[in-house]
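Chain residues, written in single-letter form:
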Amino acid sequence: MDKLLIEGGAPLVGEVAVSGAKNAALPIICASLLCGDTLNLTNIPQLNDVATMLRLIGQMGVAVTMGDNGMLALDSGKLDNPVAPYELVKTMRASILVLGPLLARCGEAKVSLPGGCAIGARPVDQHIKGLQAMGAEIRVEGGYVLARAPRLKGARIVTDMVTVTGTENLMMAAVLAEGETVIENAAREPEIVDLANCLTAMGARIAGAGSDRISIQGVERLHGADHAVMPDRIETGTYLCAAAATRGDVVLTRTSAALLDAVIGKLREAGCAIECRPDSIALKAPRRLKSVGVRTAPYPAFPTDMQAQFMAINCVAEGAAVIRETIFENRFMHAVELIRLGADIRIDASNAVVTGVPALDGATVMATDLRASASLVIAGLVARGETLIERIYHLDRGYEHIEEKLRRLGANVRRLR
Ligand code: UD1
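Residues numbered from 1 in each chain as written. Predicted model: local features only at pLDDT ≥ 70, side-chain atom pairs only at ≥ 80, totals over all residues. Heavy atoms only, no water.

Trainee: Lay out the overall build of the chain with the relevant residues and their values.
Mentor: When you go through the chain residue by residue, the secondary structure sums to 14 helices and 24 strands. Since a compact globule built from 417 residues should have a radius of gyration of about 22 Å, the 21 Å found for the chain is in line with a globular shape. The dimensions of the chain, computed from C-alpha atoms along their principal axes, are 65 × 45 × 40 Å. Evaluated residue by residue, the chain yields a buried proportion of 58% over its 417 residues. (Helix = DSSP H or I, 4+ residues; strand = E, 2+ residues; numbered from the N terminus. Rg over C-alpha atoms; globule rule 2.2 N^0.38 Å. Buried < 20%, exposed > 50% of the residue type's maximum accessible area, 1.4 Å probe, protein only.)

In structure tokens form, the structure reads like this:
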């Protein structure tokens, strides 16, 4: 299994381009299941999660053509196997995103339940409840969701909690349903807006994406379209944190500050000078960061996917801060690894109290999930001496060319195979 060896201490300096958003690319790839024509996508990041999703739709009968520079053509004209097997679904929870589109297009679907996940239980009851409200017959048998609906019917759906992939699944199911669907308590994440833009380009009729009430007028069929995937706001935030922690001075290009107001606000509070330009963000770190408390919540509040990275920067900041996780029940696994590097962190249920220390010291640590891994990279870049991060397959799920990008910014990073 690959490992990442980091020699800490070098400030990140220079310019790097942000990749397309993983969490937008995954649902948009699933949107290709909704029509029999070709969906042409650009700015698709080269990530293991994207490769898994392409394998998943490939075995359903979708023709996948990869071009250079993040181009992807998906032709689901010959889609004939509306099944998502356990072997593929178990590695990536986002596979559940095929359920809505398959049901809408094929009238049936057999999708493995995603099962447990390191950061929490993460059930899919809201996806199922919404599809049932649209007339689907659904039963769970042998670990699979078996769904049938000759034609879905528009419905008013109020989700019990704000769910990102739940909103996306229901939105994709509704575009081919008969009549109007209204999703109340919808997630407002920018990735939902990106998916809605792609679906609209395919002929869907959607209003309100980006608000908590999305209404969709079902149409008979969708057609092919071209769509460029939005920039990855979590990758953007991760590199901003890495620069902030290392007393760096960076410019991130091909991204948009408007996607990360909450994160940029917190980095400014920590003492960073940040300049937001139309397609780029410049950050200059202070000599020492000030600690900043964060509380995760659905967009536009502070994202849970940036919680671990802020824990890492607080480890070396001046003062103490409380980090409160409200989305997932078990998302502090990085804390014990950060403590191995010398951090002072106390966990009490969903609160972590982080007291900054003058320096961290390199050690061997283990990545436990995608964003936890990012926090270990940040800590390793700051720590004195060498940090060896094990199980970095988690990082490869969500960060495109991470060691090349970090090296371009002056970091001493090497992949050991
Ligand atoms: C998405 C993101 C993930 C991010 C998360 C929260 C993708 C591919 N992944 O995950 O990176 O961390 O949003 O911003 O976009 N819940 C239920 N029942 C359901 C659905 C969700 O109880 O049917 C709960 C979950 O357990 C969790 C909360 O709702 O506690 C929010 O989860 P959700 O927004 O659905 O996360 P994902 O869409 O899986």
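Trainee: Hey, could you go over helix α12 (residues 370–382) for me, with residue numbers and the actual values?
Mentor: Note that an α-helix has 3.6 residues per turn; residues three or four places apart therefore point the same way. Here α12 contains 13 residues, and its C-alpha end-to-end distance of 19 Å stays within 8% of the 18 Å for a straight helix at 1.5 Å per residue. With twelve of 13 residues buried, α12 is to be regarded as a mostly interior element. Restricting attention to buried positions, one finds in α12 the residues Leu370, Arg371, Ala372, Ser373, Ala374, Ser375, Leu376, Val377, Ile378, Ala379, Gly380 and Leu381. Its side-chain oxygen placed 3.1 Å from the backbone nitrogen of Arg371, Asp369 serves as the N-cap of α12. (Expected span 1.5 Å × (residues − 1). Polar contact = N/O pair within 3.5 Å; in protein donor to acceptor, adjacent residues only side chain to side chain.)

Trainee: For the environment of Gly135, give the residues involved together with the corresponding values.
Mentor: Counting through the fold element by element, Gly135 comes out in the loop between α5 (125–133) and β8 (137–141). Here Gly135 falls in the exposed class, since its relative accessible area comes to 51%. For the pair formed by Gly135 and Leu259, sequence separation is 124 residues and the distance between their alpha carbons is 35 Å. Those residues in contact with Gly135 that lie beyond four places of it in its chain are Arg148 and Ala149. (Contact = heavy atoms within 4.5 Å.)

Trainee: Any details on the sheet that holds strand β18 (residues 294–295)? Residues and values, ideally.
Mentor: One open sheet accounts for four strands, arranged β18-β19-β21-β20; its pairing is mixed. Each end of this open sheet is capped by a strand with a single partner; those strands are β18 and β20 (344–348). Bridge count between β18 and strand β19 (residues 320–324): two bridges; the pairing is parallel. Note on β19: the bridge partner recorded for Val294 is Ile323. The sheet contacts of helix α10 (residues 307–315) involve β18, β19, β20 and β21 (351–355), and relative to β21 the element is tilted by about 30 degrees. (Pairing = 2+ DSSP bridges. Axes fitted to C-alpha atoms, helices over the stretch in contact; angles between N-to-C directions.)

Trainee: An account of the sheet that holds strand β7 (residues 108–112) is needed here, citing residue identities and associated values.
Mentor: The sheet built from four strands is open, its strands ordered β6-β7-β9-β8 with mixed pairing. Sheet topology places β6 (83–84) and β8 at the edges, where each strand pairs with a single neighbour. One ladder, built from two bridges, connects β6 with β7; its direction is parallel. Bridge assignment links Ala84 to a residue of β7, and that residue is Val111.

Trainee: Describe the pairing of β21, naming the residues involved and giving the relevant values.
Mentor: Residues of β21 alternate between two faces, with Ala352 and Val354 buried on one and Asn351, Val353 and Thr355 left unburied on the opposite face. In this sheet, β21 lies alongside β19 in antiparallel orientation, the contact comprising five bridges. Its bridge partner lying in β21, Ala320 is registered against Thr355. Where β20 lies against β21, five bridges are found, and the strand directions are antiparallel. For Asp348, the partnering residue across the bridge sits in β21 and is Asn351. Hairpin geometry of β20 and β21 is characterised by an intervening segment of two residues between the two adjacent antiparallel strands and by a positive phi of about 55 degrees at Ala349.

Trainee: Go over the site of the ligand, please, and point to the residues and values.
Mentor: Around the ligand sit 19 residues, and of these Asp125, Thr163, Thr165, Asp305 and Ile327 come closest. In this structure, an oxygen atom belonging to the ligand sits 2.7 Å away from a main-chain N or O atom of Gln126. One of the side-chain N or O atoms of Thr165 is found 2.6 Å from an oxygen atom in the ligand. In the complex, 88% of the free accessible area of the ligand, which totals 740 Å², lies under the protein chains. Sorting the residues of the shell around the ligand by element identifies α5 and α6 (164–174) as the ones contributing at least two each. Among the elements that make up the shell around the ligand, the one with the highest residue count is α5 (three residues). (Near = heavy atom within 4 Å. Areas by Shrake-Rupley, 256 points an atom, 1.4 Å probe, with all protein chains shown as cover.)

It is worth stressing that arrangement in space is one thing and function is another; only the former is reported here.
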